[in-house]
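Per-entry structural report
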Amino acid sequence: MGDKALTIYLNDHLAGATAGVELSRRIAREHRASACATETQGLADEIAQDRRSLRAVMDSLDVKPRRYKVCGGWVAEKAARFKPNGRLHRRAGLSDLVEFETLRLGIQGKHEMWQALMPVVAETGRGDAPALDRLIDRARSQMTALDALHDAAARATLSGHRD
């Protein structure tokens, strides 16, 4: 089951990473004229790099990407945009909250995945443990950044206080 489980696990994360890249790019676009533009664009860039890192890890472990899962992640992110937000033709502050929360959950999952891969890399001798350590640290940093963005959006949206 090990190789099969690893293939399923990493492909599921690749699908999630695909959705995460799309969502983070959307967030960066929506905030490009705001005070947090640099931070949201930086997160989007890092998340895209993390997806490339996942592909490299998959290659080092001889795990082939499943195109249908990648496409599924892309489609799921697009479909999630069609949710009621209390407004008909424009974004609501609630959109920011939900998007930050969704991205935060994805990054938490990515953090857990990098940690789960450490013993696999050690056992197989394939992969780069120091790179995984850096990815774990970066995921922590991304979660901290998203927590701050979320807190500011919550204050602005739910209590009406703008920073």
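All of the points below concern the structure found in this document. (Residues numbered from 1 in each chain as written. Predicted model: local features only at pLDDT ≥ 70, side-chain atom pairs only at ≥ 80, totals over all residues. Heavy atoms only, no water.)

1. A short note on the overall build of the protein chain
Each helix and strand counted, the protein chain has five helices and zero strands in total. The N-to-C order of helical and strand elements in the protein chain reads α-α-α-α-α. When the 163 residues of the protein chain are sorted by exposure, 40% land in the buried category. Residue pairs in contact within the protein chain that sit at least 24 positions apart in sequence constitute 77% of those at least 6 positions apart. By element, 56% of the accessible surface of the protein chain is carried by carbon and sulfur atoms, the whole surface being about 9300 Å². (Helix = DSSP H or I, 4+ residues; strand = E, 2+ residues; numbered from the N terminus. Buried < 20%, exposed > 50% of the residue type's maximum accessible area, 1.4 Å probe, protein only. Contact = heavy atoms within 4.5 Å. Areas by Shrake-Rupley, 256 points an atom, 1.4 Å probe, with all protein chains shown as cover.)

2. With respect to the packing of helix H2 (residues 37-60) against helix H5 (residues 129-158)
Where H2 meets H5, the axes come as close as 11 Å, and the angle between the chain directions of the two elements is 150 degrees. On the basis of their axis angle, the class for H2 and H5 is roughly antiparallel. When the axes of H2 and H5 are compared, the crossing they make is left-handed. Residue-level contacts link Glu39, Thr40, Leu43, Glu46, Ile47, Gln49, Asp50, Ser53 and Val57 of H2 to Leu132, Leu135, Arg138, Gln142, Ala145, Leu146 and Leu149 of H5. Among the residues forming the contact of H2 with H5, the class breakdown is eight nonpolar, four polar and four charged. (Axes fitted to C-alpha atoms, helices over the stretch in contact; angles between N-to-C directions. Parallel < 35°, antiparallel > 145°, perpendicular 65-115°, else oblique. Left-handed = near helix turned anticlockwise from the far one by under 90°. Nonpolar A, V, L, I, M, F, W, Y, C, P; charged D, E, K, R; others polar.)

Keep in mind that these numbers describe shape and distance, not what the molecule does.
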